[in-house]
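The residues making up each chain are set out below.
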Amino acid sequence: MQAARPCVPASSATNSSGRRSAGPVWPRQNPSSQPQGDLTVKSAVETLNPTRVRLTVEVPFEELKDSLDAAYKKINQQVTVKGFRKGKIPARVIDQRFGRGAVLEEAVNDALPKFYTEAVNEADLNVLGQPEVDITELKDGETLNFTAEVDVRPSLELPEDFSSIEVEVDAVEVTDEDVEKSVEQLRERFASTSPVERAAEDGDVVTVDLEAKVDGEVLEDGVAQGVSYTIGSGELLEGIDDAVKGLSAGEEATFTSELKGGSAAGKEAEVTVKVTQVAARELPELDDEFAQLASEFDTLDELKADSTKRLADMKQFDQATQAQERVLDKLLELVEVPVPEKLLEDEVNTRKHNLEHHQLGQMGLTLDKYLELQGKTAEEFETETREAAVKGIKTQFVLDELVKREKLNVNQEELTEHLMRRAASSGMSPDQFAQAVVEGGQVPLLVGEVARGKALALVVESATVKDTNGEVIDLDDEDDEATAEAADADTEAGDAAEEKTEG
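Remember, it's a predicted structure, so these values are computed and weren't measured experimentally. (Residues numbered from 1 in each chain as written. Predicted model: local features only at pLDDT ≥ 70, side-chain atom pairs only at ≥ 80, totals over all residues. Heavy atoms only, no water.)

Participant: Lay out the packing of aromatic side chains with the relevant residues and their values.
Facilitator: Note on aromatic pairs: each is described by the distance of the centres and the angle between the planes. All told, the structure shown has 1 aromatic pair when counted by the stated rule. Ring centres of phenylalanine 190 and phenylalanine 290 lie 6.2 Å apart, and the angle between their planes is 90°; this geometry places the pair in the edge-to-face category. Pair noted here: phenylalanine 190 is in the loop between α4 (176-189) and β6 (192-195) and phenylalanine 290 is in helix α6 (residues 288-294), with a separation of 100 residues, a long-range link. Residue classification places phenylalanine 190 among the partly exposed positions, given a relative accessible area of 30%. On the basis of relative accessibility, which here comes to 2%, the residue phenylalanine 290 falls in the buried class. (Phe/Tyr/Trp six-rings, centres within 6.5 Å; stacked < 30°, edge-to-face > 60°. Helix = DSSP H or I, 4+ residues; strand = E, 2+ residues; numbered from the N terminus. Buried < 20%, exposed > 50% of the residue type's maximum accessible area, 1.4 Å probe, protein only.)

Participant: I'd like a rundown of the side chain of arginine 187, residues and numbers included.
Facilitator: Along the chain, the position of arginine 187 falls in helix α4. Not counting residues within four places of it along the chain, the set of residues in contact with arginine 187 comprises Leu283, Pro284, Leu286 and Phe290. (Contact = heavy atoms within 4.5 Å.)

Participant: Outline α4, listing residues and values.
Facilitator: In a regular helix each residue adds 1.5 Å, so 14 residues correspond to 20 Å; α4 covers 20 Å between its end C-alpha atoms and thus fits that length. Regarding α4, the residues found buried are Val179, Ser182, Val183, Leu186 and Arg187. For α4, the arc enclosing every buried residue in end-on projection is 145°, short of the 170-degree limit, so these residues lie on one face. Facing away from the buried side of α4 by over 90 degrees, the exposed positions are Glu177 and Lys181. Close packing links the buried residues of α4 with α6 and α7 (300-334). (Expected span 1.5 Å × (residues − 1). Arc of directions from axis to C-beta.)

Participant: Got a sec to walk through the pattern of salt bridges? Specific residues and values, please.
Facilitator: Tallied over the full model, the rule gives 33 salt bridges. Close ionic contact of glutamate 149 with arginine 54 constitutes a salt bridge, the shortest N to O distance being 2.9 Å. With a gap of 95 residues between them, glutamate 149 in strand β4 (residues 143-152) and arginine 54 in strand β2 (residues 52-60) connect regions that are remote in the sequence. Overall, arginine 54 belongs to the partly exposed group, its relative accessible area being 25%. Where arginine 386 meets glutamate 341, a salt bridge forms, and the shortest distance between an N and an O atom there is 3.8 Å. Linking arginine 386 in helix α10 (residues 378-406) with glutamate 341 in helix α8 (residues 341-363), this pair joins segments that are 45 residues apart in sequence. When salt bridges that share partners are traced, they join Glu46, Arg52, Arg54, Glu132, Glu149 and Asp151 into one network. (Salt bridge = Lys/Arg side-chain N within 4 Å of Asp/Glu carboxyl O.)

Participant: Account for the sheet that holds strand β3 (residues 127-139), with residues named and values stated.
Facilitator: The strands making up a sheet associate through hydrogen bonds between their backbones, and the pairing can be parallel or antiparallel. One open sheet accounts for 4 strands, arranged β1-β2-β4-β3; its pairing is antiparallel. The open sheet is flanked by β1 (42-49) and β3, the only strands paired with a single partner. Pairwise comparison of adjacent strand axes, ignoring direction, gives a mean angle of 20° for this sheet. Judged from the 9 bridges that link them, β3 and β4 form a sheet pairing that is antiparallel. Each residue of the ladder has a partner; that of isoleucine 135, found in β4, is phenylalanine 146. Running over the sheet, helix α3 (residues 100-123) touches β1, β2, β3 and β4 and is turned about 125° from β3. (Pairing = 2+ DSSP bridges. Axes fitted to C-alpha atoms, helices over the stretch in contact; angles between N-to-C directions.)

Participant: Summarise unusual backbone geometry; cite the residues concerned and give the values.
Facilitator: We note that aspartate 215 has phi near 55°; this positive angle belongs to a residue other than glycine. Positionally, aspartate 215 belongs in the loop between β7 (205-214) and β8 (217-230). Residue aspartate 215 is classed as exposed on the basis of its relative accessible area, which comes to 76%.

Participant: Go over the pairing of strand β5 (residues 166-169), please, and point to the residues and values.
Facilitator: The alternating pattern of β5 places Val167 and Val169 on a buried face, while none of Glu166 and Glu168, on the opposite face, is buried. With 4 bridges connecting them, β5 and strand β11 (residues 464-467) associate as parallel partners. Bridge pairing links valine 167 to valine 465 in β11.

Participant: Requested: an account of a negative patch on the surface, with residues and values cited.
Facilitator: There is a patch of like negative charges on the surface, built from Asp288, Asp298, Asp301 and Glu302. Mapped onto the fold, aspartate 288 is located in helix α6. Here aspartate 288 falls in the partly exposed class, since its relative accessible area comes to 37%. (Patch = residues over 30% accessible without salt bridge, like charges linked within 9 Å, V, L, I, M, F, W, Y side chains within 5 Å. Areas by Shrake-Rupley, 256 points an atom, 1.4 Å probe, with all protein chains shown as cover. Lys, Arg positive; Asp, Glu negative; His and termini not counted. Charge placed at Lys NZ, Arg CZ, Asp CG, Glu CD.)

Participant: Before we move on, can you summarise the packing of helix α1 (residues 65-78) against α3 with the specific residues and values?
Facilitator: As a packed pair, α1 and α3 sit with axes 8 Å apart at the nearest point and diverge in direction by 125°. Accordingly, the angle class assigned to the pair α1 and α3 is oblique. Relative to α3, the crossing made by α1 is right-handed. Along the contact surface, α1 presents Ser67, Leu68, Ala71, Tyr72, Lys74 and Ile75, while α3 presents Arg100, Val103, Leu104, Glu106, Ala107, Asp110, Ala111 and Lys114. The residue makeup of the contact of α1 with α3, split by class, is 8 nonpolar, 1 polar and 5 charged. (Parallel < 35°, antiparallel > 145°, perpendicular 65-115°, else oblique. Left-handed = near helix turned anticlockwise from the far one by under 90°. Nonpolar A, V, L, I, M, F, W, Y, C, P; charged D, E, K, R; others polar.)

Participant: Before we move on, could you go through the packing of α7 against helix α13 (residues 443-462) and cite the residues and values that matter?
Facilitator: Two numbers describe how α7 lies on α13: the axes approach to 10 Å, and their chain directions differ by 90°. The angle between the axes of α7 and α13 places the two elements in the roughly perpendicular class. In this structure, α7 uses Gln324, Val327, Leu328 and Leu331 to contact α13, whose residues at the interface are Leu456, Val459 and Val460.

Participant: Now, about the pairing of β7: what can you tell me, with residues and values included?
Facilitator: Within β7, 7 of the 10 residues are buried, leaving the element largely enclosed by the surrounding structure. With 8 bridges joining them, β7 and β8 adopt antiparallel strand pairing. Its bridge partner lying in β8, valine 208 is registered against valine 227. The antiparallel hairpin formed by β7 and β8 contains 2 residues in its connecting segment, where aspartate 215 sits at a positive phi of about 55°. Note that β7 and strand β10 (residues 268-282) share 9 bridges and pair antiparallel.

Geometric values such as these leave the question of function open.
Structural data, given as structure tokens:
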């Protein structure tokens, strides 16, 4: 969360006549891009709370000269006065015709960013987001005084070492039942079907035609033919299993169900389902021939041994992820982290917006329907969202502080590996994801994610991790990916809030 260009609303400044100025006083530009010059600006910092300060800035009027000249030049290009060529109107004429106050406001609007930035740099503040600026005094020819309230990163006291952290994780155990379940899932993938002349039963694959009506009218997108459905899979509409079981080819039934998608998503519909074919699923025999069909192995024993290894690897990864998450929780307990209220509100709103307008929107669900399916009240959802937002912000603050303290850097190889992981999770190709990141100016955010993952890895290395059997777990370099993902999970939305405040 870096220093950002403040976007200040309408000013409360007074002009040279003592009246309130009506227009905005903050230009749409990045203050860091403004030349600093040899300004003789006086500034003082007042700490309002651990995450907010007030800057009081006094600017001698002569420091406004360049901005006043620019203001006259800008107004010259925008107005026309009879008897003068455009761009050649004297300053005194502009003052007479349009008012000195308009010129002063334009000049202040141009100059404030560099004065604010110099005050921030002089105080060595790590500001977050947009300041609230108030011009307290503007006397023509004498002085410009203003205050700027802004959120800042809190000062954190991290432990010197993290050896006191101890967590417990699930033991890695692969049972015969786990292996049998894995092999059975593979067997299901190689099942074959054959039509049967009987009523449909649980587990059968039926081919059906569907027609959905709402308020007695057939929906334009409510008709489908030749749909293949495995009874009991739960992949279609609620209630369809009971409707088709017992039906033979050529028979139909009607049931009521809430539509999951389409033009009438979320509405109750009367659905007519007609079975056109019933097919029984036949599973292959579990033998060496099946192993050769379904894998690169010659025997069923070799296939089961490979399944055991794969399951163990998966559980070790899950164990590593669990360790990272629990170590992170312990770390946050050790550090007092005040959270800026404005940043928290931005984070909460970002999470709600992403859920409601992106995730749920793609599924054709409203927030109310989602809460109903989750069995949560609006109050419970609000509490959970706020708690998650608080944890995300605290995680970013603490890990960023650790990155700074340990002087952790991110090299190109680490960034590329992280980009590949993020691309895979987003469903995009690495090239597409990289292009989107660059075009969106998101590279610094990805660098921050990698650095925080490295910081968390340092803490995990110092912590003691035991499994439920009391065995000490050694999380080696192979678990770095889990560490990075654990850090990312808690800071990704924090980055979204950071990005918003930087706008």
